[in-house]
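Overview (structure and organization)
Chain by chain, the residues:
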Amino acid sequence: MRVLGIETSCDETGIAIYDTDHGLLAHQLYSQVKLHADYGGVVPELASRDHVRKTLPLIEQALQEAQLTAHDIDGVAYTAGPGLIGALLVGACIGRSLAFGWNVPAVAVHHMEGHLLAPMLEEHPPEFPFIALLVSGGHTQLVQVDGIGQYQLLGESVDDAAGEAFDKTAKLMGLDYPGGPRLAKLAAAGEPNHYRFPRPMTDRPGLDFSFSGLKTYAANTIAATDGSEQQLANVARAFQDAVVDTLVIKCRRALEQTGLKRLVVAGGVSANLHLREQLHAFMQQISGQVFFPRPEFCTDNGAMIAYAGAQRLLAGETADIKIKTFPRWPLDQLNPPA
Ligand code: KG4
Ligand code: ZN
């Protein structure tokens, strides 16, 4: 079965074609970074308008890349939530309508389920059950995954998501949008342990996170420096170390609590090299296994949506002809495919 995947939940238009027998046949991505840069963050209305412009041309390119035509597509998967309502509507309307016109089934995909299953696109995919650490711009969650659609939320952020904390801290350090990867780059030049930031909520039991205090901590630390590039790098390093350490501590707890030895890490922040290194080292120490998507599939993309949609379509799940989107959609409300 060949599935066209459409991702338009935020500031990336992602299109892919996944074949359940032959794997990924094509993937195309258009990032709106330049469009939003002047505003220091994503402007939802501009995001929607740009998805309107980019989605069909990218679908055409993906078909060309796979050397296929519309007749070769057996199903359409689109992100139906969570995300920006206007942006979601573009992908959902186009995806559902193409499926209707092509007379093939459509399926509405949960964006975080897409992230969570992204490592399945790699050569050595994880087996169920596993613990998933989902770290994106909008979510920080620890989930026990027993199978597709079998998700038990173990903990989540009570305020800013990890990616959001990276972005906000980067902004107050004067770094351009998108701040996360820029802050990470600056941190690489920072001296370890020059400053030490707290590891929030690690001094009490539980698997929830709180990252909003770290940006205030960063602001106060910056105010006390001479503002030199090296001092800023030291602050970036201390911030990144605090976020990464906190994530590692909570992953350790989740694995201990459940007795599982497999960890999947996905979402934009899973592209962070320091996080990848630290989790690799920790999982090696406990003789466990850690799985990451390749860096380009850590952030938003169409491949993860095509993959997740294909699994649900294979099981016979289809979206209603009435187009629906869910800007807020808790992951643990999902069910296994029928
Ligand atoms: O998954 P994603 O592309 O979009 C959402 O679903 O939110 O995640 C985007 C987030 C942004 O906050 C971005 O700053 C962060 O992931 N991010 C990073 C890195 N690359 C992306 N944060 C830290 N280090 C990185 N290398
Ligand atoms: Zn995402």
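The sections below set out a description of the structure shown in this document. Throughout, residues of each chain are indexed from 1 in the direction in which the sequence is written. The lettering of chains begins at A and the numbering of ligands begins at 1, in the order of writing. For a predicted model such as this one, the threshold for reporting local features is a pLDDT of at least 70, and the threshold for listing and counting side-chain atom pairs is 80 or more; totals across whole chains, interfaces and linings nevertheless cover every residue. Working from all heavy atoms in the structure, the side-chain values ignore hydrogens and water.

Some remarks on the pattern of salt bridges
This is how the line gets drawn: What counts as a salt bridge is simple: a side-chain nitrogen of Lys or Arg found within 4 Å of a carboxyl oxygen of Asp or Glu. What counts as a helix is a DSSP run of H or I of at least four residues, what counts as a strand is a run of E of at least two, and both are numbered from the N terminus.
Summed over all chains, the structure comprises 14 salt bridges. Put simply, Arg2 and Asp19 hold a salt bridge, and the shortest N to O gap is 3.5 Å. Here Asp19 lies in strand S2 (residues 12-19) and Arg2 lies in strand S1 (residues 2-7), a separation of 17 residues in the sequence. The closest approach of N and O atoms between Asp50 and Lys54, which form a salt bridge, is 3.1 Å.

What to know about the coordination of the zinc ion (ligand 2)
Filter applied, for reference: Counted as donors are N, O and S atoms no farther than 2.8 Å from the metal, or 3.2 Å for Na, K and Ca; water is not among the atoms, and sites may therefore look incomplete. A 1.4 Å probe rolled over the protein chains alone gives each residue an accessible area, and that area as a share of the maximum for its type sets the label: buried under 20%, exposed over 50%, partly exposed in between.
For the zinc ion (ligand 2), the full set of protein donor atoms is His111 (NE2), His115 (NE2) and Asp300 (OD), and the range of their distances to it is 2.0 Å. Counting gaps between the donor residues of the zinc ion (ligand 2) yields the pattern H-x3-H-x184-D. Of this pair, His111 and His115 both sit in helix H4 (residues 111-117), four residues apart, which is roughly one turn of the helix. Take His111: its relative accessible area is 6%, and that puts it in the buried class. His115 gets classed as buried once you look at its relative accessible area, which sits at 1%.

A look at helix H10 (residues 303-314)
Our working definition: Working rule for helices: expected span equals 1.5 Å times residues minus one. When checking whether two residues touch, look at their non-hydrogen atoms; a contact exists if any pair is within 4.5 Å.
Over its 12 residues, H10 extends 16 Å from the first C-alpha to the last, a length consistent with the 16 Å expected when each residue adds 1.5 Å. Here H10 lies mainly inside the structure; 11 of its 12 residues are buried. The complete set of buried residues in H10 reads Ala303, Met304, Ile305, Ala306, Tyr307, Ala308, Gly309, Ala310, Gln311, Arg312 and Leu313. Buried residues belonging to H10 abut S1, S2, strand S3 (23-31), strand S4 (75-81), strand S5 (106-110) and H4. Phi turns positive, to about 95°, at Gly316, one or two residues after H10.

What to know about the sheet that holds S3
In plain terms, the rule: Whether two strands pair depends on DSSP finding at least two bridges between them. Every axis corresponds to a line fitted to the C-alpha atoms, with the helix fit spanning only the stretch in contact, and the corresponding angles, defined between N-to-C directions, vary from 0 to 180 degrees.
Spatial strand order, S3-S2-S1-S4-S5: five strands in an open sheet with mixed pairing. This sheet does not close on itself; its edge strands, each paired only once, are S3 and S5. The mean angle between the axes of side-by-side strands here comes to 20°, regardless of whether they run parallel or antiparallel. Bridge count for S1 against S2 is six bridges, and the pairing is antiparallel. Bridged to Gly5 within S2 is Ala16. Those strands touched by helix H2 (residues 44-65) are S1, S2 and S3, and its axis lies near 150° from that of S3. Along the sheet, H10 contacts S1, S2, S3, S4 and S5; its crossing angle with S1, the most-contacted strand, is approximately 130°.

A few points about the site of ligand 1
How we decide: Any residue with a non-hydrogen atom lying within 4 Å of a molecule or strand is treated as near it. Between N or O atoms, a polar contact is any pair within 3.5 Å; within protein, one atom must be a potential hydrogen donor and the other a potential acceptor, and residues adjacent in sequence are included only when both atoms are from side chains. In short, Shrake-Rupley with a 1.4 Å probe defines the accessible areas, and a residue's cover is counted only from the protein chains shown. Each residue is assigned to one of three groups, with Ala, Val, Leu, Ile, Met, Phe, Trp, Tyr, Cys and Pro labelled nonpolar, Asp, Glu, Lys and Arg labelled charged, and all others, Gly among them, labelled polar.
Near ligand 1 you find 18 residues, and of these His115, Gly137, Asp167, Gly268 and Asn272 are the closest. A distance of 3.1 Å separates an oxygen atom of ligand 1 from a polar atom in the backbone of Asp300. Contact with the protein chains removes 85% of the 550 Å² of surface that ligand 1 exposes when unbound. A breakdown of the residues in the shell around ligand 1 according to their chemical character gives five nonpolar, 11 polar and two charged.

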